[in-house]
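Reading the structure
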Amino acid sequence: MLRPRPCLCVLCGLVGLALAYLLLFGLPNQARAQAPPAAAAPAPTGPVSFIRDVAPILKENCFSCHGAKNPKGKLDMTHFETFAKGGTKGEPFTAGKPDDSYILTALRLTTAGRMPPRESGDPLAPEQIAVIERWIKEGAKLDAEVKPQADLIRELRARWVPPAPKAVYPFPVTVTALAFTPDNKKLVVSGHHELTVWDVGSGKLEKRLRTRCRRALAMLFLPDGKLVVAGGRPAEEGDVCVYNLDGPSKPENGVAVLDGVNDKAVLVARLLVSDDEIECLALSADGKKLASGGSQDRTVNVWDISAGVDKAKLEQSIENHADWVFGVAFSPDGKHLFTCSRDKTAKVWDLTTKESVLTFPDHQQPVNGVGFKPDGKQGYSIGDDGQLRSWNTSGDQAGKQTRALGNHAKAGLKLVQHPKLPLMATCGADMTVKLWNSDTGAAGKVLSGHTDQVFSVALSPDGNLVASGAYNGEVRIWKVADGAMLKTFNAAPGYVPPEAPKK
C-alpha cells in the first residue's frame, strides 16, 4: 500500500541524504523494487563460511531468479544440494578449482550472460566475487551445522540479528500502524525495528520497544492487555508477535526501553513466521479468535486464542485470494471472515464450512480495507479507487454493491472499525481522514491538516478519539465529536522536522 517518494532532483544537495534514508529505513511497501545495494561486508579473516559469508551474497543477488519455484536455467540456489547439482549449464562450481567454476565466469562477465543480468541489478562487487572465489578454492564446503537440503532463506533468517533502533532519528519514519491502549491514554506507533508509546494528552514519548520486524503494519490489543503486532521485513520475513508493554524495561534518556527481541517477559509469543510481511490483523468480538493476512503467500490464518496466546491453536490457513491480503475482519457473530486484497476483490469466508461464500469485485483496483454493518448484512470496502463501497453479504444479491458512499480524492489506504460503536474511519493518499457511520453508511467529519499521505488510522476504545499517521512520520490525534485536533507530533524519536520556508 505504500508508494515511493518522488525524486527531488532540484535539491541536489539533499541527494546523499535521501540515499542514506533509503539505506537506513528501506523502501515503502508498494515499492517492492530493490533497495540500493548495501556496502560489501568485510573480507573473512579465517576460512570462508558458506552460510555466513557466501549465502548472504547469493541471497541478495541470485535467489530472486534462482529460487525453488520456476528457477531460471533450472538452477535452484536456495538449497545447497540443488545449488551444487546445478542446472541446464551444469555444475556451477568445482571444489578447489575456481578457474573451472562457471559461476565465477558468469559473475565476471561484462557482456550478455552476466549474472545477475543487467535487468535484474548491478554486478557483484569485486570483493563479493573474491569471497566466492576463496570459498571455492578452499574446497567449497558446507558448514557442518547446515544440512544440504536445508532452506537457505530460513537458515539465514535464523542467524539474522536485527539492528538496535537509533537513539535519535536523522529522518522521519513512515507511520504504518497505530493502536490506542485499552485505557485510551496512550498511543502505540510503528517505528523502525521498534514500537514507540506516546502519551495522548501531552504527546510525550514514554516507551520504546525493540522489535525484530522492520515495521509494524497492523496492531491490536487483546482483552488481557497484550499487544498483537503484524509486520516484518519486505520480501525477507514476516511475523505475528504478542508483546507485554508492561514487561521489564530500562531507562534511557527518560524513556523506558523494552527488549521485544530477546526478553521473553516482553515478547510473550511469536504466533507466525513467514517469508514476507504480514499485512493485517483482526480480533473476533468475543476475543477468542485472531486472524492475520499476508503478502507473498496470500494466506489468511485464524487462531483459537480462547485459552490464551501461549496456547494458541492455528485453526485454519485460508488461501482465498490471488494476491496480497491487505485487510481482514470478523463478522459480528464471528462465523465469517471479511477479507480484501491486491487482487481487486473483497471476499467473505465461512469459518464453519471452510469455503468462500461471496466475492465483491466492483473496485476494479486493489482493495485496502474491509469492514461491515453492525448487523452483518452489508460489507464495506475501500481501495485504490478511493471509493468507500457497501455491498450485500447474503441472499440473492450477495456480493452486489448497494451503493458508493463517498470517496477520498486519491487512493483509500486503510479502513478501521470500532468494535462496539457504529463508527468507521478511513484514511488516504489525499492526506485526509474521514469518519463514517457504519450503521447507516453516512459520512461524518473530514479531518484535514496532514501534509503527506495518511497510511494508518486508529480509533480509541471509548470511541472519543481518532489517530492518524502519515508517510512523513507525522501523527495527529483528533476528537471524534467535533473533529478538533488534540495533539500532533512526529513519531521518530529525536527527529526535528525542518521549519517551513518563510514566505
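Summary of the structure given here. Predicted model only: the values in this text are computed from it and were never measured. Within each chain, residue numbers correspond to sequence positions counted from 1 in written order. Where totals are concerned, whole chains, interfaces and linings use all residues; where local detail is concerned, this predicted model gives features only for residues with pLDDT of at least 70, and gives and counts side-chain atom pairs only at 80 or more. With hydrogens and water stripped out, all remaining heavy atoms of the structure feed into the side-chain values.

**Topic: the pattern of salt bridges**
In what follows, salt bridge is the name for a side-chain nitrogen of Lys or Arg lying within 4 Å of a carboxyl oxygen of Asp or Glu. Evaluated as defined, the whole model comprises 25 salt bridges. Notably, a salt bridge pairs Arg 159 with Glu 145, separated by 4.0 Å at the nearest N-O pair. Taken together, the residues Arg 159 in helix 6 (residues 152-159) and Glu 145 in the loop between helix 5 (126-137) and helix 6 connect sequence positions 14 residues apart. Among the salt bridges present, the one from Arg 157 reaches Asp 275, with a minimum N-O distance of 2.6 Å. With a gap of 118 residues between them, Arg 157 in helix 6 and Asp 275 in the loop between strand 10 (267-274) and strand 11 (278-283) connect regions that are remote in the sequence. Helix and strand definitions follow DSSP, with helices as H or I runs of at least four residues and strands as E runs of at least two, each counted in order from the N terminus.

**Examining the packing of aromatic side chains**
Between 30 and 60 degrees the pair is tilted, below 30 it is stacked and above 60 it is edge-to-face, where a pair is any two Phe, Tyr or Trp rings, Trp via its six-membered ring, whose centres lie within 6.5 Å. In total, this model carries 13 aromatic pairs according to the counting rule given. Between the aromatic rings of Phe 338 and Phe 372, the centroid separation amounts to 5.6 Å while the plane-to-plane angle is 40°, which identifies the pairing as tilted. Placement of Phe 338 in strand 16 (residues 336-341) and of Phe 372 in strand 19 (residues 367-372) is noted, with a sequence separation of 34 residues between them. Across this residue pair, the class does not change: Phe 338 and Phe 372 are buried. Ring geometry for Phe 455 and Tyr 471: centres 5.8 Å apart, planes at 45°, overall tilted. Think of it in three bands: residues with accessible area under 20% of the maximum for their type are buried, residues over 50% are exposed, and the middle band is partly exposed, with areas taken using a 1.4 Å probe on protein chains only.

**A few points about the sheet that holds strand 19**
Taken in spatial order, the 4 strands line up as 19-20-21-22 in an open sheet, and their pairing is antiparallel. Two strands bound the open sheet, and with one partner strand each, they are strand 19 and strand 22 (401-407). Averaged over neighbouring strand pairs, the angle between their axes works out to 20° when direction is ignored. Here strand 20 (residues 378-383) runs beside strand 21 (residues 387-392); their pairing, made up of 5 bridges, is antiparallel. Its bridge partner being in strand 21, Tyr 380 is matched across the sheet by Ser 390. A pair of strands is considered paired only if DSSP assigns at least 2 bridges between the two. Only the stretch in contact is used when a helix axis is fitted, and all axes are lines through C-alpha atoms; the angle between N-to-C directions ranges over 0 to 180 degrees.

**Some details on the nonpolar core**
Buried residues of nine kinds, namely Ala, Val, Leu, Ile, Met, Phe, Trp, Tyr and Cys, make up a nonpolar core once their side-chain atoms join them within 4.5 Å. Counting 28 residues, the largest nonpolar core has Phe 50, Leu 58, Phe 83, Ile 103, Ile 132 and Trp 135 as its most contacted members. Secondary-structure elements contributing two or more residues to this core are helix 2 (50-61), helix 3 (80-85), helix 4 (102-108), helix 5 and helix 6. For this core, the element with the highest residue contribution is helix 2, accounting for 6 residues. With 17 residues, the next largest nonpolar core counts Ala 177, Leu 195, Val 197 and Leu 245 among its residues.

**Observations regarding the side chain of Asp 343**
Within the secondary structure layout, Asp 343 lies in the loop between strand 16 and strand 17 (346-350). When charges are tallied, Lys and Arg are placed among the positive residues and Asp and Glu among the negative ones, while His and the ends of the chain are skipped. Summary of buried charges: Asp 343 has no salt-bridge partner, and the nearest side chain of opposite charge, Lys 347, is 5.4 Å away. Throughout, a residue-residue contact means that at least one pair of heavy atoms, one from each residue, lies within 4.5 Å. The residues contacting Asp 343, other than those within four sequence positions of it, are His 321, Ala 322 and Asp 323.

**Topic: helix 6**
Here helix 6 has its buried residues at Leu 152, Leu 156 and Arg 157. For helix 6, the arc enclosing every buried residue in end-on projection is 140°, short of the 170-degree limit, so these residues lie on one face. Counted as exposed and oriented over 90 degrees from the buried face of helix 6: Arg 154 and Ala 158. Check the buried side of helix 6 and you find it contacts helix 2, helix 3, strand 6 (227-233), strand 7 (237-243) and strand 10. Regarding the arc, it is the one traced by the directions from the helix axis to the C-beta atoms.

**Observations regarding the pairing of strand 18 (residues 355-360)**
With 5 bridges connecting them, strand 17 and strand 18 associate as antiparallel partners. Counted as the bridge partner of Ala 346 is Phe 360 from strand 18. Connecting strand 17 to the next strand, strand 18, in antiparallel fashion are 4 residues, including Lys 354 with a positive phi near 60°.

**Quick notes on the environment of Gly 67**
Looking at the secondary structure, you find Gly 67 in the loop between helix 2 and helix 3. We classify Gly 67 as buried; its relative accessible area is 11%. The spacing of Gly 67 and Ala 167 is 100 residues in sequence and 38 Å in space, taken between C-alpha atoms. Once residues lying within four places of it in the same chain are set aside, the contact partners of Gly 67 are Asp 76 and Thr 78.

**Digging into the sheet that holds strand 24 (residues 424-428)**
By definition, the strands of a sheet pair up through backbone hydrogen bonds, in either a parallel or an antiparallel sense. Here we have 4 strands laid out as an open sheet, ordered 23-24-25-26, and antiparallel in their pairing. Edge positions in the sheet fall to strand 23 (412-417) and strand 26 (443-447), since each of these pairs with one other strand and no more. Neighbour-to-neighbour, the strand axes of the sheet open up by a mean angle of 20°, direction not taken into account. Examined bridge by bridge, strand 23 and strand 24 share 5 bridges and lie antiparallel to one another. What sits directly across from Leu 415, in strand 24, is Thr 426.

**Concerning the pairing of strand 7**
Counting buried positions along strand 7 yields 7 of 7 residues, so the element is predominantly enclosed. Burial along strand 7 is two-sided: the residues Glu 237, Asp 239, Cys 241 and Tyr 243 and Gly 238, Val 240 and Val 242 are all buried. As paired strands, strand 6 and strand 7 are joined by 7 bridges and run antiparallel to one another. Directly across from Gly 231, in strand 7, lies its bridge partner Asp 239. Counting the residues between successive antiparallel strands, the hairpin from strand 6 to strand 7 contains 3 residues, one of them, Ala 235, with a positive phi of roughly 60°. As judged from the 6 bridges shared by strand 7 and strand 10, these two strands associate in the antiparallel manner. Paired with Gly 238 across the bridge in strand 10 is Ser 274.

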